[in-house]
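# Coordinate inspection notes
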Amino acid sequence: VAVIGGLSRASYEDWDWAMSVNAGGVFNGVRCFLPRIRAQGEGGQVVSVSSLAGLLGHAPAGVYTASKFAVVGMMEALRAELADANIGVTVFCPGIVNTNIGSSARNRPAGQAAAPPTGDPGFKMDPAMMAQMQKAMRESHGAPPGMDPLDAGRRVLRAVRDNDLYVLTTPEFEPEFTARGEAIVASLPTDIPVSKAREIMGRMILGKTPYAAERDHRRCERARSRKA
């Protein structure tokens, strides 16, 4: 569900609704179905929907971003946890898809939490802006601006068959993905000595990560596609 607005303007109600649906709903699915997948013993695949906003911070949608980052974190951790269990994990992180998310507020429960002392129940998008966005989703220069849902579904199905961790749809954001990774690496301190004991403890808590394996897997896929 969409909660559009800066984090600084959000209410507890905004937070609770977005997190309970976007992140809590994913946990509910894992909690309900993963034991059944394990029990039948034939392997399987866990697929969850995040967003481009689960990989890049979106200033106009702070609560939504937090909920979608949570989904990516859950799926990355679960991928590592299930690496030896014959159960794959995939997280779909699309950009704009032609769906009805723009009208998701129609399902928002009333009275989830008391309004803050200001009496402002949180950010509510201007109706005219919402109508404009919905119109843009339907048509833009003769074609909707987002991906067709059937195309999105095909990409997810292909990812399940290939056991891909990430499914992305926005090659135009490669500079932002690159900059984010580089910003994290550039922020590593150079004035803190490496402590072997700290590293051992930290790696014990971190456990096995899926990143290098997924990187190498996707690089091999690209190399094969270039030769085909």
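Whatever comes next refers back to the structure up there.
Residues numbered from 1 in each chain as written. Predicted model: local features only at pLDDT ≥ 70, side-chain atom pairs only at ≥ 80, totals over all residues. Heavy atoms only, no water.

### Quick notes on the overall build of the protein chain
What the protein chain contains, in helices and strands, is seven helices and three strands. Tracing the protein chain from N to C terminus, the helices and strands come up as α-β-α-β-α-α-β-α-α-α. Out of the 228 residues in the protein chain, the part that is buried amounts to 30%. Taking contacts inside the protein chain between residues at least 6 apart in sequence as the whole, the part at least 24 apart equals 75%. (Helix = DSSP H or I, 4+ residues; strand = E, 2+ residues; numbered from the N terminus. Buried < 20%, exposed > 50% of the residue type's maximum accessible area, 1.4 Å probe, protein only. Contact = heavy atoms within 4.5 Å.)

### Examining the side chain of Glu76
Among the structural elements, Glu76 can be located in helix α2 (residues 62-81). It turns out Glu76 is buried and unbridged, and the closest side chain with the opposite charge, Arg180, is 7.3 Å from it. A polar contact is formed between the side chain of Glu76 and the side chain of Tyr211, at a distance of 2.7 Å. Filtering out sequence-adjacent residues up to four positions away, Glu76 remains in contact with Tyr166, Pro210 and Tyr211. (Lys, Arg positive; Asp, Glu negative; His and termini not counted. Salt bridge = Lys/Arg side-chain N within 4 Å of Asp/Glu carboxyl O. Polar contact = N/O pair within 3.5 Å; in protein donor to acceptor, adjacent residues only side chain to side chain.)

### As for the pattern of salt bridges
Proximity of charged atoms lets side chains of opposite charge pair with each other. Tallying each qualifying case throughout the model produces seven salt bridges. Where salt bridges share partners, they join Arg79, Asp164, Glu214, Arg218 and Glu221 into one cluster.

### Digging into a nonpolar patch on the surface
A cluster of nonpolar side chains, namely Met201, Met204 and Ile205, defines an oily patch on the protein surface of about 370 Å² accessible area. Summarising the element assignment, Met201 is placed in helix α6 (residues 196-206). Judged by its relative accessible area of 46%, Met201 falls in the partly exposed class. (Patch = residues over 30% accessible without salt bridge, like charges linked within 9 Å, V, L, I, M, F, W, Y side chains within 5 Å. Areas by Shrake-Rupley, 256 points an atom, 1.4 Å probe, with all protein chains shown as cover.)

### A look at the pairing of strand β2 (residues 87-93)
Here β2 lies mainly inside the structure; seven of its seven residues are buried. Across six bridges, the pairing between strand β1 (residues 44-49) and β2 is parallel. Its bridge partner being in β2, Val46 is matched across the sheet by Val89. Taken together, β1, α2 and β2 form a β-α-β motif whose crossover is right-handed. As judged from the three bridges shared by β2 and strand β3 (residues 166-168), these two strands associate in the parallel manner. Looking at β3, one finds that Phe92 is bridged to Val167. (Pairing = 2+ DSSP bridges. Right-handed = clockwise from strand over helix to strand, strands pointing away.)

### A closer look at the sheet that holds β2
Strand order in the open sheet formed by three strands is β1-β2-β3, with parallel pairing between adjacent strands. Each edge of the sheet is formed by a strand with only one pairing partner; in this case those strands are β1 and β3. Ignoring which end each strand starts from, the neighbouring axes of this sheet average 20° apart. Most of the contacts of helix α1 (residues 12-40) go to β1, to which it runs at about 175°, and overall it touches β1 and β2. (Axes fitted to C-alpha atoms, helices over the stretch in contact; angles between N-to-C directions.)

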